[in-house]
Amino acid sequence: MINTLCVSVTDLTYKFLPPMLEKGSGGVIIISSVGALVPGPLFAVYSSSKSFVLKLGISLHAEYDSKGIDFLTVCPGGVETEFAHRAGITRSEGMSILTPKEVAQQTLDAMGKEIVLVIPNKEASMKIVIFLANLLSHKMIEKIANSMIKKRYDRDN
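Since this is a predicted model, take the numbers as computed values, not measurements.

Visitor: Can you walk me through the side chain of serine 47 in this structure?
Guide: As for its position among the elements, serine 47 is in helix 2 (residues 44-64). A distance of 3.4 Å separates a polar side-chain atom of serine 47 from the backbone oxygen of glycine 35. In contact with serine 47, not counting residues within four places along its chain, are Gly35, Ala36, Val38, Pro39 and Gly40.

Visitor: Explain the nonpolar core to me, please; I cannot follow it from the model alone.
Guide: Across soluble globular proteins, nonpolar side chains have a tendency to be buried as a group. Leu17, Met20, Val28, Ile30, Val53, Leu56, Leu60, Tyr64, Ile69 and Phe71 form the largest nonpolar core, which has 10 residues in total. Those elements that place two or more of their residues in this core are helix 1 (2-23), strand 1 (26-31), helix 2 and strand 2 (69-74). For this core, the leading source of residues is helix 2, giving 4 residues. Beyond its immediate chain neighbours, meaning those up to four positions away, tyrosine 64 contacts Tyr14, Leu17, Leu21, Ile69 and Phe71.

Visitor: When you look at helix 1 in this model, what are you seeing that I'm missing?
Guide: Note: α-helices contain 3.6 residues per turn, so residues at a spacing of three or four share the same orientation. Here helix 1 contains 22 residues, and its C-alpha end-to-end distance of 31 Å stays within 8% of the 32 Å for a straight helix at 1.5 Å per residue. The largest bend along helix 1 reaches roughly 35° and is located at leucine 17, with the proline proline 18 sitting one to four residues downstream. Buried residues of helix 1: Leu5, Cys6, Thr10, Thr13, Leu17 and Met20, and no others. Along its buried surface, helix 1 packs onto strand 1, helix 2 and strand 2.

Criteria and thresholds
Residues numbered from 1 in each chain as written. Predicted model: local features only at pLDDT ≥ 70, side-chain atom pairs only at ≥ 80, totals over all residues. Heavy atoms only, no water. Helix = DSSP H or I, 4+ residues; strand = E, 2+ residues; numbered from the N terminus. Polar contact = N/O pair within 3.5 Å; in protein donor to acceptor, adjacent residues only side chain to side chain. Contact = heavy atoms within 4.5 Å. Core = buried A, V, L, I, M, F, W, Y, C linked by side-chain atoms within 4.5 Å. Buried < 20%, exposed > 50% of the residue type's maximum accessible area, 1.4 Å probe, protein only. Expected span 1.5 Å × (residues − 1). Bend = angle between axes of the 7 residues up to and from the residue.

This is the structure we're talking about:
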């Protein structure tokens, strides 16, 4: 997972940067996750990898913005993918699940607009969770996340 989510993103980014730098313009979209913004019990490596990707994108934006290269780091919430289906995440759980097309459209709309981080999500609740994650202690966030996962586990078993 670390090779896929961290190493490959880094390698590909640095592979495509030289031609953009020569040209003096270009853009890179890096896909992170809202999982990068909150602790992820049972998803520790995933959340940590997405945190790396988030910081990489933000740092590269700061580093290359003056050179004409636009970096946009996207942190979507739930998206209808094979990953979501295998994890049992559906629209019926009261969570906003976006289609890949919706995420792509919001991402393309944000490109080049001085936006470093986009969280395409329809639900205010997801924005509240992220807001609270930045205010509350890690211990409190851990308790909330564990409670949510336990509820889901108890419901499914």
